[in-house]
Every structure is written in structure tokens, then in C-alpha cells.
Amino acid sequence: MRLFVNVDHVATLRQARRTVEPDPLTAALLAEKAGAHGITVHLREDRRHIQDDDVRRIRQAITTPLNLEMAAVEEMVEFARAVRPYQVSLVPEKRQEITTEGGLDVRGQFDHLRQVKERLSPLGIRFSLFVDPDFDQIDAAARLQADSIEINTGQYSELSDPGAIEQERVKICSAASRAQERGLKVFAGHGLNLANVRAIAAVPQIEELNIGHSLVARAVYTGFERAVSEMLEAVESVE
């Protein structure tokens, strides 16, 4: 199980004052020091947190892979082609949303997403899609020949009723199995924290988790390196 640490919300704190700190690059380096296997940043169209220069600096400074989350729009495709991260993860994006609210409609945007892939994959950039645990979307991702999918765990993370949580966990397990059967690498993320991560880390098909907000929140109390170390211990403790 690999842990990619999303440092977006370090930039959120910085942008609240439009100053130079806290620096998401420093957080990324601390995450690497703590054992993170990669760094994730989401460059939004409205630049509400991560800025273009953050991506460039992080890309140059880190020694682990960089996963760039972005919308499938021309501006971002051109930026990714210039920066050349290890991986691009396409996500849906709405200006008014606080955070990503759901997975991509791969079926409905199939031709457009194929064009985006054709512009990124020849440069050696791995191509991933953020999708809900839905068989139709997973099958469309497989037809698109994406390298991987990231299963949206947002619904799972927001539930409080134990029965509903278990039902959503089973749904995620089924989706992960379906994706692996279709030849896709399987990742997961959105809303995961120390209280709920183990059940997702235990899904055998899932090989990578993307976690950010809960780590930044916990780091306010414990420090970033310790926050990442604790999450790694939780992920790796699954038998």
C-alpha cells in the first residue's frame, strides 16, 4: 500500500493571508521524510490554493512521484505537458464547490477524455481518472485504457451509520475488484482519516491512497511529519 500525501490545504492556509507560509513545498518534503510514497497537488482553475509555481517547485524538489490532479480543460492539459508530472489524475471541477463532490462522468465525456489522454500519455505521463464506485464508469475507464482509477471514498467518509458505512465499503470493494478485472490499477481517496482508513487500506485490490485534508488538520496539532507517520502506521498495520 502506497500513501500519496496531498498538500493542497497547506496552500489554503497560506492563501488566507496571501503570504509565503506555510509553504506546500516544505510540507511535501516533510511528508517524504516521514515516508510518503508520493505527493499530490490539485491545481484548480480558480487557483484557490495551489498555484502554478507551487507545482513547478514541488516537481523539481521532491524525489518521489508527483500526482497532478486537474480538470480536463485546455489550460491544464497544456500546463501538464509543460511540467510533466509522474501522473495526471483527472477530476471533475465546479467553481462553487468547496471540495470535489463526485467522480468523473467518463461515459459522458469519453471522446474528450480520450483526446486528453492522447496528448499526455505519449509524454510518459500516467493517466488516472477519479471515479465513483460505479461499474459503468469503471468499464468506461477501462475502454479508455486509463492506467488507473482512483475510487471516490467521499460518500464512505461522510456516513455515520455503521450499516450504511459497511454497505458503502462493500460497494467500494466490488468496484475495486471490477477495476482490477478490467486491467486497471486501483487507487482510492477523498475524506479518509485515521478513524476510517483501515477498512479501505484492507481492500486487496487497492494499492495506493491519496490523503490530504485530514493530515493537514492533524498536523495543526501534532506536526506534519508525525501526522504522516501516524497515517503510514495505520495503513501498513492492515494484515
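Residues numbered from 1 in each chain as written. Predicted model: local features only at pLDDT ≥ 70, side-chain atom pairs only at ≥ 80, totals over all residues. Heavy atoms only, no water.

## Observations concerning the nonpolar core
Piece 1. In this structure, V5, L90, L129, L209, F224 and V228 are the most contacted members of the largest nonpolar core, which totals 74 residues.
Piece 2. Contact partners of L90, with chain neighbours within four places excluded, come to M70, A71, A72, L104, L113, V116, F127, S128, L129 and F130. (Core = buried A, V, L, I, M, F, W, Y, C linked by side-chain atoms within 4.5 Å. Buried < 20%, exposed > 50% of the residue type's maximum accessible area, 1.4 Å probe, protein only. Contact = heavy atoms within 4.5 Å.)

## Side note on the packing of helix α2 (residues 24–34) against helix α11 (residues 224–236)
Piece 1. Interaxial distance between α2 and α11 falls to 8 Å at its minimum, and their mutual angle equals 45°. Judged by the angle between their axes, α2 and α11 are oblique. α11 is crossed by α2, and the crossing has right-handed handedness. Contact with α2, carried on its side by A27, L30, A31, K33 and A34, involves F224, E225, V228, S229 and L232 of α11 and no other residues of that element. (Axes fitted to C-alpha atoms, helices over the stretch in contact; angles between N-to-C directions. Helix = DSSP H or I, 4+ residues; strand = E, 2+ residues; numbered from the N terminus. Parallel < 35°, antiparallel > 145°, perpendicular 65-115°, else oblique. Left-handed = near helix turned anticlockwise from the far one by under 90°.)

## As for the sheet that holds strand β3 (residues 66–70)
Piece 1. Pairing in this closed barrel of eight strands is parallel, and the strands run β1-β2-β3-β4-β5-β6-β7-β8 around the ring. In this sheet, neighbouring strand axes are inclined to one another by 25° on average, regardless of whether the strands run parallel or antiparallel.
Piece 2. Contacting β3, β4 (87–90) and β5 (126–131), helix α5 (residues 110–120) runs over the sheet at an angle of about 150° to β5. (Pairing = 2+ DSSP bridges.)

## Structural notes on the pairing of β4
Piece 1. A two-sided burial pattern is seen for β4, the buried positions comprising Q87 and S89 on one face and V88 and L90 on the other.
Piece 2. Pairing geometry for β3 and β4, over four bridges, is parallel. Within β4, the residue paired with M70 across the bridge is L90.
Piece 3. A crossover connection joins β3 to the parallel β4 through helix α4 (residues 74–83); in handedness this β-α-β unit is right-handed.
Piece 4. Relative to β5, β4 is paired through four bridges, and the arrangement is parallel. In the strand pairing of β5, S89 is matched with S128. (Right-handed = clockwise from strand over helix to strand, strands pointing away.)

## Regarding the packing of helix α10 (residues 213–222) against α11
Piece 1. With their axes 7 Å apart at the nearest point, α10 and α11 run at an angle of 125° to one another. Of the possible angle classes, the one that applies to α10 and α11 is oblique. The two elements α10 and α11 cross, and the hand of that crossing is right-handed. Contacts from S214, L215, V216, R218, A219 and T222 of α10 reach α11 at F224, R226, A227, V228, E230 and M231.
Piece 2. Classifying every residue of the contact of α10 with α11 gives seven nonpolar, two polar and three charged. (Nonpolar A, V, L, I, M, F, W, Y, C, P; charged D, E, K, R; others polar.)

Purely geometric numbers; function is a separate question.
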